[in-house]
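A structural walkthrough
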Amino acid sequence: MKICLNQVFYFSVAKKRINRYNWFLKEGTMKIVTDNQELDEFCRILEQQEFITVDLEFHREKTYYAQLGLIQVACSETEGIIDPLAPEIDLSRFLDVLKNPKVTKVFHSCRQDIEILYRLGGFIPQPLFDSQIAAQICGFGSSVSYESLVNAILGVELDKSSRLTNWCARPLSPKQLEYAISDVTHLVKIYEFMKEKINKSGREHWLDEEMAELLDKNNYETKPQDAWLKIRQHVHNRKYLTILRELAAWRENRAQQKNLPRQTIIKDDCLLNIAAAAPHDVNDLKKIRNMRSDILNGKLAQEIIDVVQYAESLPRSDYAKPKTENKIIYPQGLFELLKLLLTLISQEQETVPHIIADENELKLFAAGQDKNLKLLQGWRFDVFGKQALLLRQGKLNIRYDCNSKKIEITEIL
């Protein structure tokens, strides 16, 4: 049996009125929401909750912008799947729930989900809880997967056989829908577990600081003029980089307008070759390696030539600047001691070292480059930064006590 999310089931009531109703899977626990009346009923339940768990299924292999296929939502009272592809469905009612400041929105590894919602509604759901970040605070490891959390906390092995489903296809089978809804049903229990654990440890402010980074709109706004920075290259010639910057911005804008992956427009290696050759006409363009015939024979060829000419006309003051890749020179011995201190403190705190400080930060700190280091700010300073400063000043002692068989960290007075 397969379920088409766009199916509508009808039944007769008094006065021969015909109404839509929700189709329930697994003994009526999961709503399949395909129209605005169902969505309104579902949202009335959700907006009364202290928290809801949310996950989005999407595809972006053939588009620039992610194509939303399913929205899964659960809470302690109910669970359901919203079909964003259903005819005439208006998601604004659900977006209002996500905007509701009285309802905590729980996601797992939510950056891509937030990117989609930001484009869809121009907002970031608040208050926000990311269970992957919370898991790091609780000591479950760096970038722990949802499946690993479900297994570690709930003792449940998730069936991954539907993981590669095309969520924009219709119809979807009951097995696929059950897999999709499991991304939020288990998250209800995981959230309750982690929330209690974080509250007991007094680390609410840790989580608040981490969530603040996810709430920065700059994470979700694409700037075409910065697209060249994501292209791997090691050239420092500013004229070359300026041409590359303008070509990458042109490609980014075109990809957005056509809603196509940027590599479909033209691949990175071709942009690098064009920037190096700086062609002045189509004949020059034809000499460039790996140029596709459809580009050479279409209007894109002249657009590329125009972009190159525009880049060459810019004054030197507007040239792109090479990406700075300053090699950090630091005392290796101090760096190794800092890593040891970080390991000891993270074990004591029952969290993962990475969430306190990464290796690059430790190297900068060892080199005395303290500006804007996270380990010297907020909760990280209280937990690690203070002792790191003492260590760098030679005022911290790390020793092994053979009697207690423990490593002791003491300040040298």
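For the structure, check the block above.
Below, the structure is looked at part by part. (Residues numbered from 1 in each chain as written. Predicted model: local features only at pLDDT ≥ 70, side-chain atom pairs only at ≥ 80, totals over all residues. Heavy atoms only, no water.)

**As for the overall build of the protein**
Scanning the protein from N- to C-terminus turns up 17 helices and 11 strands. By residue count, 46% of the 413 residues in the protein fall in the buried class. Within the protein, counting contacts between residues at least 6 apart in sequence, those at least 24 apart form 62% of the total. Counting only carbon and sulfur atoms, one obtains 47% of the accessible surface of the protein, whose full area is about 22000 Å². Within the protein, one finds 57 positive and 57 negative side-chain charges whose respective centroids are separated by 4 Å. (Helix = DSSP H or I, 4+ residues; strand = E, 2+ residues; numbered from the N terminus. Buried < 20%, exposed > 50% of the residue type's maximum accessible area, 1.4 Å probe, protein only. Contact = heavy atoms within 4.5 Å. Areas by Shrake-Rupley, 256 points an atom, 1.4 Å probe, with all protein chains shown as cover. Lys, Arg positive; Asp, Glu negative; His and termini not counted. Charge placed at Lys NZ, Arg CZ, Asp CG, Glu CD.)

**Quick notes on helix α10 (residues 268–277)**
All of the buried residues in α10 are Cys-270, Leu-271, Leu-272, Ile-274 and Ala-275. For α10, the elements touching its buried residues are α8 (238–258), α11 (282–286) and α13 (300–313). Following α10 by one or two positions, Ala-278 adopts a phi angle in the positive range, close to 50 degrees.

**Notes on unusual backbone geometry**
Looking along the chain, the bond that leaves Gln-126 and enters Pro-127 is cis, with omega of -10 degrees. Following the sequence through the fold, Pro-127 ends up in the loop between α3 (111–121) and β9 (128–130). In this structure, the amide linkage connecting Arg-170 to the following residue, Pro-171, adopts the cis form with an omega of 5 degrees. The residue Pro-171 is located in the loop between α5 (146–154) and α6 (174–201) in this model. Non-glycine residue Glu-88 carries a positive phi angle of around 70 degrees. With respect to the helices, strands and loops of the structure, Glu-88 is situated in the loop between β7 (79–82) and α2 (92–99).

**Observations concerning the environment of Ile-409**
Relative to the elements of secondary structure, Ile-409 occurs in strand β11 (residues 406–411). For the pair Ile-409 and Leu-341, spaced 68 residues apart in sequence, the C-alpha separation works out to 8.5 Å. Not counting residues up to four positions away in its chain, the partners in contact with Ile-409 are Leu-341, Leu-344, Gln-387, Leu-396 and Asn-397.

**Here's the deal with the nonpolar core**
Grouped together as the largest cluster of nonpolar side chains are 92 residues, with contacts concentrated most on Ile-52, Val-73, Ile-82, Phe-94, Leu-338 and Phe-384. For this core, the element with the most residues is α6, which contributes 11 residues. Not counting residues up to four positions away in its chain, the partners in contact with Ile-82 are Val-33, Leu-39, Phe-42, Leu-70, Ile-71, Val-73, Ile-89, Leu-91 and Phe-94. (Core = buried A, V, L, I, M, F, W, Y, C linked by side-chain atoms within 4.5 Å.)

**As for the packing of aromatic side chains**
One pass over the full model with this rule turns up eight aromatic pairs. The interplanar angle of 80 degrees and the centroid separation of 4.9 Å between the aromatic rings of Tyr-64 and Tyr-65 together place this pair among those described as edge-to-face. A relative accessible area of 9% places Tyr-64 in the buried class. What makes Tyr-65 partly exposed here is its relative accessible area of 21%. When the centroid spacing of 6.1 Å and the interplanar angle of 40 degrees are considered together, the rings of Tyr-118 and Tyr-220 count as tilted. A residue pair is termed long-range when its members are at least 10 positions apart, and Tyr-118 in helix α3 and Tyr-220 in the loop between α7 (204–214) and α8 qualify at 102 residues. Taken individually, Tyr-118 and Tyr-220 each receive the classification buried, so the pair is uniform in this respect. Among the aromatic residues, those joined into a ring-pair cluster are Phe-51, Phe-129 and Tyr-191. Just above the ring of Phe-123 sits the side chain of Lys-99; from NZ or CZ to the centre is 5.1 Å. Seen from the ring of Trp-206, Arg-203 lies directly overhead, with NZ or CZ sitting 4.4 Å from the centre. (Phe/Tyr/Trp six-rings, centres within 6.5 Å; stacked < 30°, edge-to-face > 60°. Lys NZ or Arg CZ within 6 Å of the ring centre and 35° of its normal.)

**Focus on the pattern of salt bridges**
What the rule picks out here adds up to 21 salt bridges. A salt bridge links Glu-47 to Arg-93, with the shortest nitrogen-to-oxygen separation between them at 3.0 Å. Of the two residues, Glu-47 sits in the loop between α1 (36–46) and β5 (51–59) while Arg-93 sits in helix α2, which places them 46 residues apart along the sequence. Measuring nitrogen to oxygen at the nearest pair gives 3.4 Å for the salt bridge that ties Arg-254 to Glu-303. In this pair, Arg-254 sits in helix α8 while Glu-303 sits in helix α13, placing the two residues 49 residues apart along the sequence. You can call Glu-303 partly exposed: its relative accessible area is 23%. Overlapping salt bridges bring together Asp-40, Arg-44, Glu-47 and Arg-93 as one network. (Salt bridge = Lys/Arg side-chain N within 4 Å of Asp/Glu carboxyl O.)

**A short note on the layout of surface pockets**
The gaps of empty space that remain are located by a probe, the size of a water molecule, rolled over the atoms. Computed from the structure, the largest pocket encloses a volume of approximately 930 Å³. Residue lining of the largest pocket: 34 residues in total, with Arg-60, Tyr-64, Tyr-65, Glu-115 and Thr-222 positioned closest to the centre. Of all the secondary-structure elements, those providing two or more residues to the lining of the largest pocket are β6 (67–74), α3, α8 and α9 (262–265). Among the elements that line the lining of the largest pocket, the one with the most residues is α3, at seven residues. The class makeup of the residues in the lining of the largest pocket is 14 nonpolar, eight polar and 12 charged. (1 Å grid on protein atoms, 1.4 Å probe; cavity = no way out; pocket = protein on both sides within 12 Å on 5 of 7 lines; lining within 4 Å. Points joined across faces, edges and corners; volume = space filled by probe spheres on them. Nonpolar A, V, L, I, M, F, W, Y, C, P; charged D, E, K, R; others polar.)

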